[in-house]
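Each chain is listed here by its residues.
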Amino acid sequence: MRNKILSATVVFTLFVIVKCGINTQSGNTTQTAVTSKDTADKEIGSFKEVSLTHPLNEGMVCRGELIYKATCHDCHKLTTEKLIGPGWKGETNRRTPEWIMNAVTHTNVMMDSNLVAQNLMEVCAVRMPNQNLSNEDARNVLEFIRKNDGKN
């Protein structure tokens, strides 16, 4: 029985990896630079300008969902409800892409220096741990958050 469960898990994982690798670049996908109106978002971290895809890049969404399930879901719900950290629903309406990317990749600096991050830390009564995500991983998570917010 244990071997069947392990085999099913391996097959499912391979399916997800293959699914996420398909159609990562659609001929209809364009890159649009979206810049922050709030210069504070650009003062901390390396992300000064984030290019968003229109329509969403489904491969990035899929990879972002896998990262969310592996590293984020224990603290963040996909609704507005707070778990340990704030819920993610509406996050792309409240924060700029630069803020989100910098918060995910430069967590400690943001927690120490960004007023919004510090306020969130007070509300949640816990400091967000650094998940050591790569820039690519963070961008995939951003695309997943955009999809969760109903962006297309």
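Residues numbered from 1 in each chain as written. Predicted model: local features only at pLDDT ≥ 70, side-chain atom pairs only at ≥ 80, totals over all residues. Heavy atoms only, no water.

(A) Looking closely at the pattern of salt bridges. A complete count under the given rule lists 8 salt bridges for this structure. The residue Arg94 makes a salt bridge to Glu91 at a minimum N-O spacing of 2.9 Å. Placement of the pair is Arg94 and Glu91 together in helix H4 (residues 91–94), with a separation of 3 residues, close to one helical turn. Among the salt bridges present, the one from Arg127 reaches Asp112, with a minimum N-O distance of 2.8 Å. Linking Arg127 in the loop between helix H7 (115–124) and helix H8 (135–148) with Asp112 in helix H6 (residues 107–113), this pair joins segments that are 15 residues apart in sequence. Here the residues in one salt-bridge network are Glu91, Arg94 and Arg95, joined through shared partners. (Salt bridge = Lys/Arg side-chain N within 4 Å of Asp/Glu carboxyl O. Helix = DSSP H or I, 4+ residues; strand = E, 2+ residues; numbered from the N terminus.)

(B) The layout of surface pockets, seen in detail. One number sums up the size of the largest pocket: a volume of about 480 Å³. For the largest pocket, the lining is made up of 28 residues, of which His76, Pro86, Trp88, Met111 and Met128 are closest to its centre. Where the lining of the largest pocket is concerned, the elements lending two or more residues are helix H3 (58–72), helix H5 (97–105), H6, H7 and H8. Of the residues belonging to the lining of the largest pocket, the class tally is 20 nonpolar, 6 polar and 2 charged. (1 Å grid on protein atoms, 1.4 Å probe; cavity = no way out; pocket = protein on both sides within 12 Å on 5 of 7 lines; lining within 4 Å. Points joined across faces, edges and corners; volume = space filled by probe spheres on them. Nonpolar A, V, L, I, M, F, W, Y, C, P; charged D, E, K, R; others polar.)

(C) Inspection of the side chain of Thr53 at higher detail. As for its position among the elements, Thr53 is in strand S2 (residues 50–54). Owing to a relative accessible area of 1%, Thr53 belongs among the buried residues under this scheme. In terms of polar contacts, Thr53 uses its side chain to reach the backbone amide nitrogen of Asn57, at 3.2 Å. Among the polar contacts made by the side chain of Thr53, one reaches the side chain of Glu143 at a distance of 2.3 Å. (Buried < 20%, exposed > 50% of the residue type's maximum accessible area, 1.4 Å probe, protein only. Polar contact = N/O pair within 3.5 Å; in protein donor to acceptor, adjacent residues only side chain to side chain.)

(D) Seen up close, the packing of aromatic side chains. Across all of its chains, the model carries 2 aromatic pairs by this definition. Here the aromatic rings of Tyr68 and Trp88 are separated by 5.1 Å at their centres, their planes lie at 55°, and the arrangement is tilted. Of the two residues, Tyr68 sits in helix H3 while Trp88 sits in the loop between H3 and H4, which places them 20 residues apart along the sequence. The pair formed by Tyr68 and Trp88 is uniform in burial state, with each residue classed as buried. Plain terms: the ring middles of Tyr68 and Phe144 are 5.4 Å apart, the flat faces sit at 35° to each other, and that makes the pair tilted. In this pair, Tyr68 is assigned in helix H3 and Phe144 in helix H8, connecting sequence segments 76 residues apart. We classify Tyr68 as buried; its relative accessible area is 8%. Site record: aromatic cluster; members linked through ring pairs are Tyr68, Trp88 and Phe144. Between Arg95 and the ring centre of Trp99, over which it is positioned, the NZ or CZ distance is 5.1 Å. (Phe/Tyr/Trp six-rings, centres within 6.5 Å; stacked < 30°, edge-to-face > 60°. Lys NZ or Arg CZ within 6 Å of the ring centre and 35° of its normal.)

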